[in-house]
There are 2 protein chains.
Amino acid sequence: NDGSSLQSLQIVASSELNDPLLTFGSAVEVTGILKKSPSQKQPVELEADQIHVVGECNPLDFPFKIKERHGLEYIRQFPHLRCRTNAFSSLLRIRSEATTAIHSYFKENDFVQIHTPVITSNDCEGAGELFQIEPSKSENEEDENFFSVPAFLTVSGQLHLEVMSGAFSRVYTFGPTFRAENSQSRRHLAEFYMVEAEVSFTQSLEDLTKVMEDMFRSATEHVLAYCAEDVDLFHKHVTPGHKVSPEGHLFNFGTYPGSLFLITYSEAIDILNRSSEKFDFSTHWGCDLQTEHEKYLVKHCGNIPVFVTDYPYDLKPFYARDNEDHPQHTAAAVDLLVPGVGELCGGSLREERLDLLRARLEEVGLEDTYSWYLDLRRFGSVPHGGFGLGFERYLQCILGVDNIKDVIPFPRFSHSCLL
Amino acid sequence: NDGSSLQSLQIVASSELNDPLLTFGSAVEVTGILKKSPSQKQPVELEADQIHVVGECNPLDFPFKIKERHGLEYIRQFPHLRCRTNAFSSLLRIRSEATTAIHSYFKENDFVQIHTPVITSNDCEGAGELFQIEPSKSENEEDENFFSVPAFLTVSGQLHLEVMSGAFSRVYTFGPTFRAENSQSRRHLAEFYMVEAEVSFTQSLEDLTKVMEDMFRSATEHVLAYCAEDVDLFHKHVTPGHKVSPEGHLFNFGTYPGSLFLITYSEAIDILNRSSEKFDFSTHWGCDLQTEHEKYLVKHCGNIPVFVTDYPYDLKPFYARDNEDHPQHTAAAVDLLVPGVGELCGGSLREERLDLLRARLEEVGLEDTYSWYLDLRRFGSVPHGGFGLGFERYLQCILGVDNIKDVIPFPRFSHSCLL
């Protein structure tokens, strides 16, 4: 197997080519003649003239055993070797292909890709706990204040993309983001990947839900087309509990586009309040939706992705656009909830009106910190909006993988930073 | 202008559509009829029925003025607005297109894309000054040792890619890397992008130089084909001193492939020693090549890209493959030097032989720290090698941009982390 696919090449060799070093896990160079195989199992096989073991492998020390199916939790203990298992090499091919698919989607739809920075001096977006950076202690002590200001790892490229919305109609970014969340749960990583997009000259949330739905479909169709065998391995053997196949829950929606379920936050609260389900957190208009609520809403709508729109204004960050409605004051925000995962995407129209934005920033005392952000509205402001998609959650959703650590090459989380 | 290209759409309007808010820098929505233009300057123009100023812009406060050509240094002062200038929007389109081109090259050549981590516990590669990360001080004090081990921002994804070389024949990564270098020079950033690749079953450095040359050509051809107008703006107006056009120095090499200049380090030292040029740093066999030397070598070879191979063993990190030659002991390493920039790529075959690698790690007392890395050689080791390309330097090279801060959306460097 050379890693190009799940399929291995069958080598047929006479007994004099046998070599005690030819063990499971060893690396070999084989020359011979490729022939039509007499077996049903493979179309071709290689009749070997020469077999050379270039890298031996002691099968007693090697943590993976021939013909054994090792669980995801077991292989996770060997971050430097797990890519050599079928399950994880399939995952990595799928991840690579899904990345390609997402870039292709944006490229085909005339988005400009922006490398938003990892290091940022924005510290007050309130998106979660931050990592701070400093030059390593062992280095020059004078460097202590390397950037002259406190510097952090980004939690989102949104504000930097909004800068670009003043110059380009459609922009996106796809890169690592960070949260110093002290959690070892199945749902959290300290370093994870986000796809974020901003669209200018938006008129309503539909301009965003359309892009979210399109990207989701286009990426998934691409992955299913190009990684059929790898995806199949997951659905049949790695995550056999994943009953609802992506085909089932992603594509049976009737007419496309605009065919995903869409409910307002207020409707969602009604559904939850009427439900006989016992939730750990009770619900009322104005409350945040918990993962248990999101999962219930998905189930209630038929176990398919569902958009929830128009959240309470007070729940949303300063940049969310005011719907100026009464009596229930909402913002033009939207989440995409999906089976198994809950929130996959979150987005909003951004407040493009200078006076409203300034008033809200003044309320929280941030008008000076964000004077550059106000500038974007001072000079040729355009209505715009955008969203972010958690890439690992996307992979979990289509593959049915329960633990987020199993869909990223080198997981970083509380008390773990291996290699 | 909607940012899709350097070209603007000419709007023709009667005087009653005039509006005092219709100023340079404002955002407008225009409806009308697209017509063949009577002017030579543009093929079509829009005869306006309605013009709506959606975002006003006070031309006195706006830092850019109509019909004025602002220098790169001037616009750098406005990181949140400079994307609205012709020069920087061209740069961003070129950067986006070059990113696409590099991904396409690897995709077409069957490389698997790996998201190597930004946060890492590797601290002793010696590639330069490191940034260390900790949860922000304002957060929970218990988190002080969030990862249980010191954690740093990556300086290279190479070692993580080498992990993947045990499972895939060809892998690459394209993402941000970091150096806490206390320099405000034209050549250094604290956060910059690297393209890194690893190829398995290599036989010689040619397996690497072939990929480097191919990628360089393929990306540049793509950029010149898809961003002709934007590249032209740079060569004609932004960096008019950039006499050698990319067409000139990238493509006139005679037969392709394998047509780039290639000299050994020892030959390079001979050339430098024989030169009448006065260098700040004198040269002798065993010395590191400085930027002044690299630039001289490029000029000496005809101002075209040149490979320098087989550097002194003692200059190279522990992972470089020992050439086991005498009397001048070298390693199988290669740099690609290009006009205007100096070193663009650096690569090497990696030491795949367990005994040699272990001996070298023991010499420097790192055999325990890198026991996982030795494992890669213990279990099915394959000959492999790889290289890294500095993406900003690549853009500087093809555009002739002198200052690295002008080819990245949000430059981070010593004492500067704006937005």
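Rules and cut-offs
- Residues numbered from 1 in each chain as written.
- Chains lettered and ligands numbered in written order.
- Predicted model: local features only at pLDDT ≥ 70, side-chain atom pairs only at ≥ 80, totals over all residues.
- Heavy atoms only, no water.
- Phe/Tyr/Trp six-rings, centres within 6.5 Å; stacked < 30°, edge-to-face > 60°.
- Helix = DSSP H or I, 4+ residues; strand = E, 2+ residues; numbered from the N terminus.
- Buried < 20%, exposed > 50% of the residue type's maximum accessible area, 1.4 Å probe, protein only.
- Lys NZ or Arg CZ within 6 Å of the ring centre and 35° of its normal.
- Axes fitted to C-alpha atoms, helices over the stretch in contact; angles between N-to-C directions.
- Left-handed = near helix turned anticlockwise from the far one by under 90°.
- Contact = heavy atoms within 4.5 Å.
- Nonpolar A, V, L, I, M, F, W, Y, C, P; charged D, E, K, R; others polar.
- Salt bridge = Lys/Arg side-chain N within 4 Å of Asp/Glu carboxyl O.
- Pairing = 2+ DSSP bridges.
- 1 Å grid on protein atoms, 1.4 Å probe; cavity = no way out; pocket = protein on both sides within 12 Å on 5 of 7 lines; lining within 4 Å.
- Points joined across faces, edges and corners; volume = space filled by probe spheres on them.
- Least-squares fit on C-alpha atoms with pLDDT ≥ 70 in both.
- pLDDT = per-residue confidence, 0-100.
- Buried area = accessible area lost by both parts, 1.4 Å probe.
- Arc of directions from axis to C-beta.

### Describing the packing of aromatic side chains
Tallied over the entire structure, the rule returns 49 aromatic pairs over all chains. Consider the rings of Phe-106 of chain A and Tyr-172 of chain A, whose centres lie 4.2 Å apart with planes at 15 degrees: the pair is stacked. Taken together, the residues span a long stretch of sequence, with Phe-106 of chain A in helix H2 (residues 86-108) and Tyr-172 of chain A in strand S8 (residues 170-178) at a distance of 66 residues. With 5.7 Å between their ring centres and 90 degrees between their planes, Phe-318 of chain B and Tyr-373 of chain B make a pair best called edge-to-face. Placement of Phe-318 of chain B in the loop between strand S11 (306-312) and strand S12 (330-338) and of Tyr-373 of chain B in helix H10 (residues 371-378) is noted, with a sequence separation of 55 residues between them. Taking the relative accessible area as the measure of exposure, Tyr-373 of chain B reaches 0% and is therefore buried. These aromatic residues form a ring-pair network of at least three members: Phe-24, Phe-62, Phe-64, Tyr-74 and Phe-78 of chain A together with Phe-379 of chain B. Cation over ring: Lys-316 of chain B sits above Tyr-311 of chain B, and NZ or CZ is 4.4 Å from the ring centre. Geometry around Tyr-313 of chain B places Arg-360 of chain B over its ring, the cationic atom sitting 3.9 Å from the centre.

### With respect to the packing of H2 of chain A against helix H11 (residues 391-399) of chain A
Residue and element names in this part refer to chain A. Contact pair H2 / H11: the axes reach a minimum separation of 11 Å and the direction vectors enclose 115 degrees. Along this stretch, H2 crosses H11, giving a crossing that reads as right-handed. Counting all contacts with H2, which are made through Leu-91, Ile-94, Arg-95, Ala-98, Thr-99 and Ile-102, the residues of H11 involved are Phe-391, Glu-392, Tyr-394, Leu-395 and Leu-399. Classifying every residue of the contact of H2 with H11 by side-chain character gives 8 nonpolar, 1 polar and 2 charged.

### What about the pattern of salt bridges?
Residue and element names in this part refer to chain A. Across all of its chains, the model carries 32 salt bridges over all chains by this definition. Ionic pairing is found between Asp-402 and Arg-186, a salt bridge with its closest N-O pair at 3.0 Å. Residue Asp-402 is found in the segment after H11, and its partner Arg-186 is found in the loop between S8 and strand S9 (191-200); the two are separated by 216 residues along the sequence. Glu-213 serves as the salt-bridge partner of Arg-217, at 2.8 Å between the closest nitrogen and oxygen. Taken as a pair, Arg-217 and Glu-213 lie in helix H4 (residues 206-226) at a separation of 4 residues, close to a single helical turn.

### What about the sheet that holds strand S10 (residues 261-264) of chain B?
Residues and elements named next belong to chain B. Overall, mixed pairing links the 8 strands, which are arranged S4-S8-S9-S14-S13-S12-S11-S10 in an open sheet. Because the sheet does not close on itself, it has two edges, and the strands there are strand S4 (112-113) and S10. Pairing of S4 with strand S8 (residues 170-178), which is carried by 2 bridges, proceeds in the parallel orientation. The partner of Gln-113 across the bridge, within S8, is Tyr-172.

### A few points about the pairing of strand S3 (residues 44-55) of chain B
Residues and elements named next belong to chain B. In this structure, strand S1 (residues 10-12) lies alongside S3, joined through 3 bridges in parallel fashion. Of the residues in S3, the one forming a bridge with Val-12 is Glu-47. Inspection of the sheet shows strand S2 (residues 27-36) paired to S3 by 10 bridges, in the antiparallel sense. In the strand pairing of S3, Glu-29 is matched with His-52.

### Let's talk about empty space enclosed by the protein
By the definition in use, this model includes 6 cavities of 30 Å³ or more. As a volume, the largest cavity reaches approximately 370 Å³. Broken down by secondary-structure element, the contributors of at least two residues to the lining of the largest cavity are H2, S8 and S9 of chain A together with helix H2 (86-108), S8 and strand S9 (191-200) of chain B. Tallied by class, residues from the lining of the largest cavity come to 14 nonpolar, 20 polar and 2 charged. Put simply, the second largest cavity is a space of about 80 Å³. Taken together, Glu-162, Ser-165, Gly-166, Leu-376, Arg-377, Gly-380, Ser-381, Val-382 and His-384 of chain A together with Arg-84 of chain B make up the full set of residues lining the second largest cavity. Broken down by secondary-structure element, the contributors of at least two residues to the lining of the second largest cavity are helix H3 (158-165) and helix H10 (371-378) of chain A. Residues belonging to the lining of the second largest cavity are distributed by class as follows: 2 nonpolar, 5 polar and 3 charged.

### A short note on the pairing of S8 of chain A
All names here are of chain A. In terms of burial, S8 is largely enclosed, as 8 of its 9 residues are buried. Inspection of the sheet shows S8 paired to S9 by 9 bridges, in the antiparallel sense. Across the sheet, the residue bridging to Pro-176 is Tyr-193, located in S9.

### A closer look at the relation of the copies chain A and chain B
After a rotation of 180 degrees and a shift along the axis of 0.0 Å, chain A superposes on chain B with an RMSD of 0.0 Å. This pairing of chains is accounted for by a two-fold axis. Distance from the rotation axis, computed per C-alpha, reaches its smallest value in chain A at Ile-133 of chain A: 2.3 Å. Most of the interface of chain A is mirrored in chain B, where 100% of its interface residues are also at the interface.

### Brief notes about the sheet that holds strand S7 (residues 151-153) of chain A
Pairing is antiparallel across the open sheet formed by 6 strands, whose spatial order is S5(A)-S7(A)-S6(A)-S6(B)-S7(B)-S5(B). One side of each edge strand has no neighbouring strand; the edge strands of this open sheet are strand S5 (119-120) of chain A together with strand S5 (119-120) of chain B.

### Re the confidence of the model for chain A
Residues and elements named next belong to chain A. Confidence in the prediction of chain A, expressed as mean pLDDT, is 92, and 92% of residues score 70 or more. Across residues 244-249, where pLDDT falls below 50, the model places 14 contacts with residues more than four positions away in sequence or in other chains. Interface confidence for the predicted complex, expressed as ipTM, amounts to 0.95; the pTM equals 0.95.

### So, the interface of chain A and chain B
With 96 residues of chain A at the contact, the number on the chain B side is 96 residues. Carbon and sulfur atoms supply 62% of the area that chain A and chain B bury against each other, a total of about 7700 Å² over both sides. Among the residues of chain A in contact with chain B, His-115, Phe-146 and Phe-379 of chain A are the three that bury the most area, contributing 10% of the side total. Viewed at the interface, chain B and chain A are joined by 2 salt bridges.

### So, helix H7 (residues 265-274) of chain A
Residue and element names in this part refer to chain A. Taken residue by residue, H7 has Tyr-265, Ala-268, Ile-269, Ile-271 and Leu-272 as its buried positions. The buried residues of H7 occupy an angular sector of 160 degrees when projected down its axis, which confines them to one face. Tucked into the core, H7 has its buried residues touching strand S10 (261-264), helix H8 (291-300) and strand S11 (306-312).

### Focus: unusual backbone geometry
Peptide bonds are mostly trans, and most non-glycine residues show a negative phi. Of note, the bond from His-326 of chain A into Pro-327 of chain A is cis; its omega dihedral lies within 30 degrees of zero at -5 degrees. Within the secondary structure, Pro-327 of chain A is located in the loop between S11 and strand S12 (330-338). At Asp-310 of chain B, a residue that is not glycine, the phi angle is positive and equals roughly 60 degrees. Along the chain, Asp-310 of chain B falls in strand S11. Assessed through its relative accessible area of 23%, Asp-310 of chain B is described here as partly exposed.

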